[in-house]
Amino acid sequence: MRGLLCWPLLAWLLLLQPWETQLRVAGPRCHTGPLDLVFVIDSSRSVRPFEFETVRQFLVGLLHGLNVGPNATRVGVIQYSSQVQSVFPLGAFSRPEDMERAIGALVPLAQGTMTGLAIQYAMNVAFSVAEGARPPEERVPRVAVIVTDGRPQDRVAEVAAQARARGIEIYAVGVQRADVGSLRAMASHPLDEHVFLVESFDLIQEFGLQFQGRLCAIDHCSFGNHSCQHECVSTLAGPRCHCREGHDLLPDGRSCRVRDLCNGVDHGCEFQCVSEGLSYRCLCPAGRQLQADGKSCNRCREGHVDLVLLVDGSKSVRPQNFELVKRFVNQIVDFLDVSPDGTRVGLVQFSSRVRTEFPLGRYGTAAEVKQAVLAVEYMERGTMTGLALRHMVEHSFSEAQGARPRALNVPRVGLVFTDGRSQDDISVWAARAKEEGIVMYAVGVGKAVEEELREIASEPAELHVSYSPDFSTMTHLLENLRGSICPEEGISPGTELRSPCECESLVEFQGRTLGALESLTQNLAQLTARLEDLENQLAEQQ
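Residues numbered from 1 in each chain as written. Predicted model: local features only at pLDDT ≥ 70, side-chain atom pairs only at ≥ 80, totals over all residues. Heavy atoms only, no water.

K.L.:
Which residues make up the overall build of the protein, and what values do they have?
P.N.:
Scanning the protein for helices and strands turns up 18 helices and 18 strands. Looking at the protein residue by residue over its 542 residues, the buried ones come to 45%. A separation threshold of at least 6 residues defines the contact pool for the protein, and within that pool the share at least 24 residues apart is 68%. Here the protein has roughly 28600 Å² of accessible surface; of this, 53% comes from carbon and sulfur atoms. (Helix = DSSP H or I, 4+ residues; strand = E, 2+ residues; numbered from the N terminus. Buried < 20%, exposed > 50% of the residue type's maximum accessible area, 1.4 Å probe, protein only. Contact = heavy atoms within 4.5 Å. Areas by Shrake-Rupley, 256 points an atom, 1.4 Å probe, with all protein chains shown as cover.)

Shown next as structure tokens:
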């Protein structure tokens with residue numbers, strides 16, 4: 001009984017001591033494997049002086065529980081507000097006492113809260129070999145502990161993802177006013193092991209005790225059955241399996257397989273590379289065939305056209321969707337035979353005004369067109385579709401802009417891409433475009449108005465109007481556009497195309513027509529006889 005009473009008494013004694021002392025007496029110093037540990041401390045103006053003093057004590061207490069040394073745990077500290085400052089790098093000190101003095105001399109920056117900037121600094125500078133981090137090939141775990149009390153004033157999700165992708169394990173510790181969503185965006189997975197939220201700076205020792213406990217159990221690979229096929233590496237969150245050079249880790253987190261050859265060689269596949277054992281092969285999208293070189297996919301061979309794309313750049317599209325639109329345009333370009341003598345492509349963007357991004361005659365290869373499309377900048381503002389149609393009719397298909405003379409009979413095709421109702425009248429210039437002989441296609445997404453799409457498009461609407469409810473799913477429209485812009489793709493191989501004006505064609509047509517007329521005459525005669533029989537039967541009944 002006496003032994004059982006000692007445990008709660010010890011717990012009360014721990015709580016009554018200064019909490020940085022609690023970390024020192026909670027257990028013996030951890031003797032772990034090598035570890036590179038960087039603390040990223042928020043010293044913005046929202047952290048009051050006595051609160052920052054608590055953070056200082058937290059760091060000092062935690063340091064005394066670490067097995068610090070050049071071949072053991074290396075520690076670095078950076079602080080941040082509107083800027084980032086290195087307190088001391090990973091390679092600066094090998095004794096906790098030296099680190100404690102540097103932390104004691106730390107003066108808060110007391111400005112903004114640029115947490116994303118601090119993560120970027122940790123990733124690119126603090127964990128660099130020049131600052132004292134072990135080289136990546138040594139596979140020493142890299143751990144960042146971010147302590148913050150507020151919402152970041154910059155973006156953290158993307159830069160944190162980059163840091164994690166580089167092998168940095170991130171713990172996010174939020175105090176008082178910290179934004180939970182930002183903590184979760186920064187931290188490594190599983191989140192319940194890497195995100196900590198405490199009510200006040202006085203309670204930050206709760207994280208310190210848990211964190212030290214994780215450090216003391218860092219050599220997970222030495223205990224139990226980790227089941228790693230190749231190699232087990234300890235991290236603070238537990239064992240992690242690694243594969244030997246030339247192999248990739250499978251989704252089960254334990255097994256390894258030979259690395260995908262498509263990721264390790266210059267395969268040259270135009271569309272997709274697929275690994276098959278020790279070799280690979282190229283694939284083409286649906287509706288396109290692999291060429292004899294085994295890498296490229298067929299394109300519109302006979303579909304030489306002058307194609308002008310009118311792209312809606314209004315505010316309702318939004319920047320991320322506009323990037324999807326540009327990708328969609330490039331997928332259209334992929335199935336065209338772009339060349340000065342083949343298909344010429346021009347691009348016009350419209351919102352409250354109209355801007356020619358590049359005319360028909362500027363680029364002579366698909367690669368040049370695709371690069372220009374990716375460089376197009378989003379306009380925003382309104383949706384003046386009628387103004388865009390007028391610009392296309394009056395300027396885009398002019399010879400000055402690169403359209404071929406009408407005497408050459410090169411088809412002129414306009415493709416309008418929009419996501420909403422036009423803010424001006426489209427009827428006059430939609431009709432004018434078709435009167436000028438331009439074959440019009442209308443592609444609508446989201447809140448596009450069907451009546452407007454049909455008014456823009458040529459007849460029949462079923463072949464010239466396409467619609468997708470969402471930007472992310474509009475790729476299914478590609479095959480419809482391919483079959484329309486490349487009409488020869490719908491003709492089976494070996495089909496002979498003859499002019500209807502040739503003599504043999506006229507004779508064949510006349511023969512088929514006469515045969516059909518004879519059959520129709522016979523059917524009419526049989527029908528007449530049947531009606532006469534019915535009339536006679538009715539007369540007899542009366």
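K.L.:
Any chance you could break down the state of the cysteines for me, citing the residues and the numbers?
P.N.:
All told, the structure shown has 2 disulfides when counted by the stated rule. Between the sulfur of Cys-228 and that of Cys-241 lies a disulfide, 1.9 Å long from S to S. Judged by the torsion about the S-S bond (-80°), the Cys-228/Cys-241 disulfide is left-handed. Placement of the pair is Cys-228 in the loop between helix H9 (205-216) and strand S7 (231-235) and Cys-241 in strand S8 (residues 238-242), with a sequence separation of 13 residues. Take Cys-228 and Cys-241: they sit in the same class, and that class is buried. (Disulfide = S-S within 2.5 Å.)

K.L.:
Report on the environment of Gly-420, specifying residues and quantitative values.
P.N.:
Residue placement: Gly-420 occurs in the loop between strand S16 (412-418) and helix H14 (427-435). Distance in space between the C-alpha atoms of Gly-420 and Thr-385 is 9.6 Å, their sequence separation being 35 residues. In contact with Gly-420, not counting residues within four places along its chain, are Asp-312, Lys-447, Ala-448 and Glu-452.

K.L.:
Explain helix H4 (residues 96-104) residue by residue, including any values.
P.N.:
Listed in full, the buried residues belonging to H4 are Pro-96, Asp-98, Met-99, Ala-102 and Ile-103. The buried side chains of H4 occupy one side of the element, clustering within an arc of 160° when seen end-on. Where H4 is buried, its residues touch helix H3 (49-63), strand S2 (73-80) and strand S3 (84-88). (Arc of directions from axis to C-beta.)

K.L.:
Now, about the pattern of salt bridges: what can you tell me, with residues and values included?
P.N.:
By the definition in use, this model includes 13 salt bridges. Salt-bridge contacts for Arg-56 lead to Glu-53; the nearest nitrogen and oxygen are separated by 3.1 Å. Taken together, the residues Arg-56 and Glu-53, both in helix H3 and 3 residues apart, mark about one turn of the helix. Using a relative accessible area of 14% as the deciding quantity, one classes Arg-56 as buried. The exposure class of Glu-53 is partly exposed, given its relative accessible area of 33%. Note that Glu-323 is salt-bridged to Lys-326, the shortest N-O span being 3.2 Å. One end of the pair is Glu-323 and the other is Lys-326, both in helix H11 (residues 319-334) and 3 residues apart, which spans about a single turn. (Salt bridge = Lys/Arg side-chain N within 4 Å of Asp/Glu carboxyl O.)

K.L.:
If you had to explain the packing of aromatic side chains to someone new, which residues and values would you point to?
P.N.:
Evaluated as defined, the whole model comprises 6 aromatic pairs. Between the aromatic rings of Phe-39 and Phe-58, the centroid separation amounts to 6.5 Å while the plane-to-plane angle is 90°, which identifies the pairing as edge-to-face. One end of the pair, Phe-39, is in strand S1 (residues 35-42); the other, Phe-58, is in helix H3, with 19 residues separating them in the sequence. We classify Phe-58 as buried; its relative accessible area is 0%. (Phe/Tyr/Trp six-rings, centres within 6.5 Å; stacked < 30°, edge-to-face > 60°.)

K.L.:
Give a description of the packing of helix H13 (residues 385-396) against H14 that names residues and reports values.
P.N.:
In contact at an axis separation of 8 Å, H13 and H14 are set at 25° when each is read in the N-to-C sense. In terms of orientation, H13 lies roughly parallel with respect to H14. Between H13 and H14 lies a crossing whose hand is left-handed. Contacts between H13 and H14 involve Gly-386, Leu-389, Arg-390, Met-392, Val-393 and Glu-394 from the former and Trp-429, Ala-430, Arg-432 and Ala-433 from the latter. Partitioning the contact of H13 with H14 into residue classes produces 6 nonpolar, 1 polar and 3 charged. (Axes fitted to C-alpha atoms, helices over the stretch in contact; angles between N-to-C directions. Parallel < 35°, antiparallel > 145°, perpendicular 65-115°, else oblique. Left-handed = near helix turned anticlockwise from the far one by under 90°. Nonpolar A, V, L, I, M, F, W, Y, C, P; charged D, E, K, R; others polar.)

K.L.:
Can you break down helix H12 (residues 366-374) residue by residue, with the values?
P.N.:
Within H12, the full set of buried residues consists of Ala-366, Val-369, Ala-372 and Val-373. All buried residues of H12 lie within an arc of 130° about the axis, which places them on one face of the element. Facing away from the buried side of H12, by more than 90 degrees, are the exposed residues Ala-367, Gln-371 and Leu-374. Taken together, the buried residues of H12 touch H11, strand S14 (344-350) and strand S15 (354-358).

K.L.:
Lay out the side chain of Arg-134 in plain terms, naming residues and giving numbers.
P.N.:
With respect to the helices and strands, the residue Arg-134 is situated in the loop between helix H5 (115-126) and strand S4 (142-148). Taking the relative accessible area as the measure of exposure, Arg-134 reaches 6% and is therefore buried. A polar contact of 2.9 Å, which involves the side chain of Arg-134, links it to the backbone oxygen of Ala-72. Setting aside anything within four residues of it in sequence, one finds Arg-134 in contact with Pro-34, Leu-35, Asp-36, Pro-70, Asn-71, Ala-72, Arg-74, Val-129, Val-140 and Arg-142. (Polar contact = N/O pair within 3.5 Å; in protein donor to acceptor, adjacent residues only side chain to side chain.)

K.L.:
Tell me what's going on with the environment of Gly-361, and back it up with residues and numbers.
P.N.:
Tracing the chain through its elements places Gly-361 in the loop between S15 and H12. Taking the C-alpha atoms as reference points, Gly-361 and Glu-399, 38 residues apart in sequence, are found 8.7 Å from one another. Not counting the four nearest positions on each side in its chain, Gly-361 is found in contact with Gln-401 and Gly-402.

K.L.:
Can you lay out the packing of H11 against H12 for me, pointing to particular residues and giving the numbers?
P.N.:
Packing of H11 against H12 leaves a shortest axis separation of 9 Å and a crossing angle of 170°. With respect to their mutual orientation, H11 and H12 come out roughly antiparallel. On H12, the residues that touch Lys-326, Val-329, Asn-330, Val-333 and Asp-334 of H11 are Ala-366, Val-369, Lys-370, Val-373 and Leu-374. Of the residues assigned to the contact of H11 with H12, the class counts are 6 nonpolar, 1 polar and 3 charged.

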